[in-house]
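Observations on the three-dimensional arrangement
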Amino acid sequence: MPLDATPAPLVGETACDVLIIGGGPAGSTAATLLAEKGRTVVLLEKDHHPRFHIGESLLPLNLRIFERLGVQDEIAAIGVHKPGARFVSDEHGKHTAFSFAAGLNQDYTYSYQVRRSSFDEVLFHRAQTAGADAREGMRVLDVALDARGGHRVCARNEAGAMHAFRPRFVMDCSGRDTVLATAMGSKARNPHNNTAAMYGHFRGVAPFGEAEDGNITIHLFDEGWFWMIPLPDGVMSIGVVSNPGFFKRRRGEVRDYFLETLRAVPSVARRIADAELVSEVTTTGNYSYASKVMHGDGWLMAGDAYAFIDPVFSSGVLLAMASAEMGAEVADTWLDDPARAAPMARAFEAKVKRAIGSLSWLIYRINTPVLRDMFMEPRNRFRMREGLVSLLAGDVHANANRQLPVLAFKAAFYALSLAYRFGYRLGPQGLTKAAPRALAPAE
Ligand SMILES: Cc1cc2nc3c(=O)[nH]c(=O)nc-3n(C[C@H](O)[C@H](O)[C@H](O)COP(=O)(O)OP(=O)(O)OC[C@H]3O[C@@H](n4cnc5c(N)ncnc54)[C@H](O)[C@@H]3O)c2cc1C
């Protein structure tokens, strides 16, 4: 599958057990775990760490993987302590904070907000110390998959020289570049989630309350939502996620449209009144997708290389690292016994899809009045609120006991949706016939 037609001389051929495309969270996690098992691993990253990447808010269930990789202290040193997530709605004139400590899973009760430049560098360096041959400035251009005859992967370094690799197993962790899915033509847009994002870094953003408490704040507005993620050194990451109609209305510069949008939402405008934009404004379009295939004989995809879902619940890095962890087990088994790896690969696929499905249920409904009202008026009947907090913490593979409150939350959503059709609305007094609310800053 040629990804780039430029012919260039080849520099030798390197044989290895596993070649991993992409040194982001997924690739570095898989490389570390496989190298620790004694496999020869080549990890190819097209950029150089530290480099900017979006995706700065992590989830409590990430901590388990940090511990397994032995990087928990390094991540604590570069991160802002994140106790939970706050949702703010000017339409309701309200806000609700969900503390991870109030969830059903008491093993992991907080997380971190990180600059991805530092975070990804820690993970990449960890792969190197584990023994992976982790190379930067190496862009994979061509992958010929043939588990029986031998895979062949070609990459170009920054001087233009082509390198060839003969891995027994290939893991695609190339993120939104989706190297394999693009080459195979297997990438499909998600018909349920057609949003895009615009974002930048600021200084001087006012905290939501009296002082910065480390929470991510999600400000809901009628066409989508904003994130505010406190980063080290007083920097605030701010982004807006909305629908294609919103982005099509832009006239003029992206930066101006971004600032105009921030100023149009009262609770956001109040916080950025004295703030200064200290970065470029970036946009990410063509948002959510999944590949129609996730694995085959001697290869698999992990993280964003397989699928991307809307980041409203900060799940991307966890999904990437967790799928890389499972994928590394599949690869390790395949290297010893491909027949034994086949059912493992199917279980890996089912588990990744289940995790994505759990979070997608919430994502597809986040702009509905019912779910927004449930977030603003959270009830703990049948431990629904605790179940929701666990889902927000990334506890997507919880046991049946922890799943029941989540099911109760979903059942309540469907029951309320029916009531809303008859003109009822959930509010502080419970379910009542209510007039629409006016817009007011939520403080
Ligand atoms: C607007 C937005 C906001 C987000 N916010 C959050 C958030 O708050 N929290 C969260 O958890 N997630 C968030 N995400 C999602 C998060 O960014 C990703 O899910 C996560 O980075 C996926 O990790 P990965 O390792 O799969 O891919 P990546 O982190 O993208 O890493 C892939 C790596 O592969 C390299 N690469 C690509 N192509 C090649 C090639 N041909 N050869 C060699 N190397 C290559 C890239 O340079 C990159 O370093 C957000 C995403 C977006 C778009």
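Residues numbered from 1 in each chain as written. Predicted model: local features only at pLDDT ≥ 70, side-chain atom pairs only at ≥ 80, totals over all residues. Heavy atoms only, no water.

**Remarks on the overall build of the chain**
Across its full length, the chain carries 13 helices and 23 strands. A compact globule built from 443 residues should have a C-alpha radius of gyration of about 22 Å, and the chain, at 23 Å, falls within 12% of that. Projecting the C-alpha coordinates of the chain onto the three principal axes gives extents of approximately 70 × 50 × 40 Å. By residue count, 55% of the 443 residues in the chain fall in the buried class. (Helix = DSSP H or I, 4+ residues; strand = E, 2+ residues; numbered from the N terminus. Rg over C-alpha atoms; globule rule 2.2 N^0.38 Å. Buried < 20%, exposed > 50% of the residue type's maximum accessible area, 1.4 Å probe, protein only.)

**What to know about helix α9 (residues 316–336)**
Owing to its 3.6 residues per turn, the α-helix aligns residues three or four sequence positions apart on the same side. Spanning 21 residues, α9 covers 31 Å between terminal C-alpha atoms, matching the ideal 30 Å at 1.5 Å per step. Most of α9 sits inside the fold, with 18 of its 21 residues counted as buried. (Expected span 1.5 Å × (residues − 1).)

**Re the site of the ligand**
Around the ligand, 40 residues are found, and the nearest of them are Glu45, Arg51, His53, Ser57 and Val317. In the environment of the ligand, an oxygen atom lies 3.2 Å from a nitrogen or oxygen atom belonging to the backbone of Gly316. Its free accessible area being 1000 Å², the ligand has 97% of it covered by the protein chains. Taken together, the elements giving at least two residues each to the shell around the ligand come down to α1 (25–36), β8 (138–144), β12 (196–203), β14 (224–230) and α9. For the shell around the ligand, the residue count by class is 18 nonpolar, 13 polar and nine charged. (Near = heavy atom within 4 Å. Polar contact = N/O pair within 3.5 Å; in protein donor to acceptor, adjacent residues only side chain to side chain. Areas by Shrake-Rupley, 256 points an atom, 1.4 Å probe, with all protein chains shown as cover. Nonpolar A, V, L, I, M, F, W, Y, C, P; charged D, E, K, R; others polar.)

**Regarding the side chain of Lys82**
Its location among the elements puts Lys82 in strand β3 (residues 80–82). It is Glu56 that comes nearest to the buried, bridge-free Lys82 among opposite-charge side chains, at 11 Å. For Lys82, the side chain forms a polar contact with the side chain of Ser57, separated by 2.8 Å. Residues within four places of Lys82 in sequence aside, it is in contact with Ser57, Leu58, Leu59, Phe100, Tyr110, Ser111, Tyr112, Gln113, Gly214, Ile216 and Ser314. (Lys, Arg positive; Asp, Glu negative; His and termini not counted. Salt bridge = Lys/Arg side-chain N within 4 Å of Asp/Glu carboxyl O. Contact = heavy atoms within 4.5 Å.)

**Observations regarding helix α4 (residues 116–129)**
The terminal C-alpha atoms of α4 lie 20 Å apart, and with 14 residues this matches the ideal 20 Å at 1.5 Å per residue to within 8%. Residues of α4 that are buried sit in contact with α1, β2 (41–44), α2 (62–69), α3 (72–78), β7 (133–135) and α9. The first or second residue beyond α4 is Gly131, which carries a positive phi of 110°.

**Section: a nonpolar patch on the surface**
Among the surface-exposed residues, Leu418, Phe422, Tyr424 and Leu431 lie close enough to one another that they form a single nonpolar patch of about 410 Å² accessible area. Inspection of the secondary structure assignment puts Phe422 in the loop between α13 (400–421) and β22 (424–427). Since its relative accessible area comes to 57%, Phe422 is described here as exposed. (Patch = residues over 30% accessible without salt bridge, like charges linked within 9 Å, V, L, I, M, F, W, Y side chains within 5 Å.)

**Some words on the domain arrangement of the chain**
You can read the domains of the chain as domain 1 (10–53 + 114–189 + 289–359), domain 2 (196–284) and domain 3 (365–433). With eight residues of domain 1 in contact, the opposing surface of domain 2 contributes 11 residues. At the boundary of domain 1 with domain 2, total buried surface from both sides reaches about 740 Å², with 64% on carbon and sulfur atoms. On the domain 1 side of the contact with domain 2, Phe52, Arg115 and Val312 bury the most area, a combined 61% of that side's loss. Run the count over domain 1 and domain 2 and you get zero salt bridges. Taken together, the links from domain 1 to domain 2 amount to zero residue pairs in polar contact (both at pLDDT 80 or more). The class makeup of the residues in the side of domain 1 that touches domain 2 is four nonpolar, one polar and three charged. (Domains from an automatic or database assignment. Buried area = accessible area lost by both parts, 1.4 Å probe.)

**Some words on the pairing of β14**
For β14, the tally of buried residues reaches seven of seven residues, placing the bulk of the element in the interior. The loop that links strand β13 (residues 216–221) with its antiparallel partner β14 comprises two residues. Here β14 pairs with strand β15 (residues 235–242) via seven bridges, running antiparallel. Each bridged residue has a counterpart across the sheet, and for Trp225 the counterpart in β15 is Val241. The antiparallel hairpin formed by β14 and β15 contains four residues in its connecting segment, where Asp233 sits at a positive phi of about 65°. (Pairing = 2+ DSSP bridges.)

**Focus on the sheet that holds strand β11 (residues 187–189)**
Reading across the sheet, the three strands line up as β11-β18-β21 and stay open at both edges, with antiparallel pairing between neighbours. In the strand order of this sheet, the two ends are held by β11 and β21 (307–308), each with one partner. Across two bridges, strand β18 (residues 289–291) lies against β21 in antiparallel orientation. When the bridges of β21 are listed, Tyr289 appears paired with Phe308.

**Overview of unusual backbone geometry**
The peptide bond linking His49 to Pro50 adopts the cis configuration, its omega dihedral lying at -5°. Along the polypeptide, Pro50 turns up in the loop between β2 and α2. For Ser314, which is not glycine, the phi torsion reads 55° and is therefore positive. Relative to the elements of secondary structure, Ser314 occurs in the loop between β21 and α9. Owing to a relative accessible area of 12%, Ser314 belongs among the buried residues under this scheme. Its identity as a non-glycine residue notwithstanding, Phe382 has a phi of 55°, on the positive side. Structurally, Phe382 can be placed in the loop between α11 (369–376) and α12 (384–392).

**Section: the state of the cysteines**
Structurally, a disulfide amounts to a covalent bond that connects the sulfur atoms of two cysteines. Under the defined criterion, the tally for this structure stands at zero disulfides. Here Cys154 is not cross-linked by a disulfide; its sulfur's nearest cysteine counterpart is in Cys16, at 13 Å. Unpaired in terms of disulfides, Cys173 finds its nearest cysteine sulfur in Cys16, a separation of 13 Å. Residue Cys173 is classed as buried on the basis of its relative accessible area, which comes to 6%. (Disulfide = S-S within 2.5 Å.)

**Looking at the packing of α1 against α2**
Where α1 contacts α2, the axes come no closer than 11 Å and their chain directions differ by 40°. Relative to α2, the element α1 lies oblique. When the axes of α1 and α2 are compared, the crossing they make is left-handed. Between α1 and α2, the residues in contact are Thr29, Thr32 and Leu33 and Ile65, Arg68 and Leu69, respectively. (Axes fitted to C-alpha atoms, helices over the stretch in contact; angles between N-to-C directions. Parallel < 35°, antiparallel > 145°, perpendicular 65-115°, else oblique. Left-handed = near helix turned anticlockwise from the far one by under 90°.)

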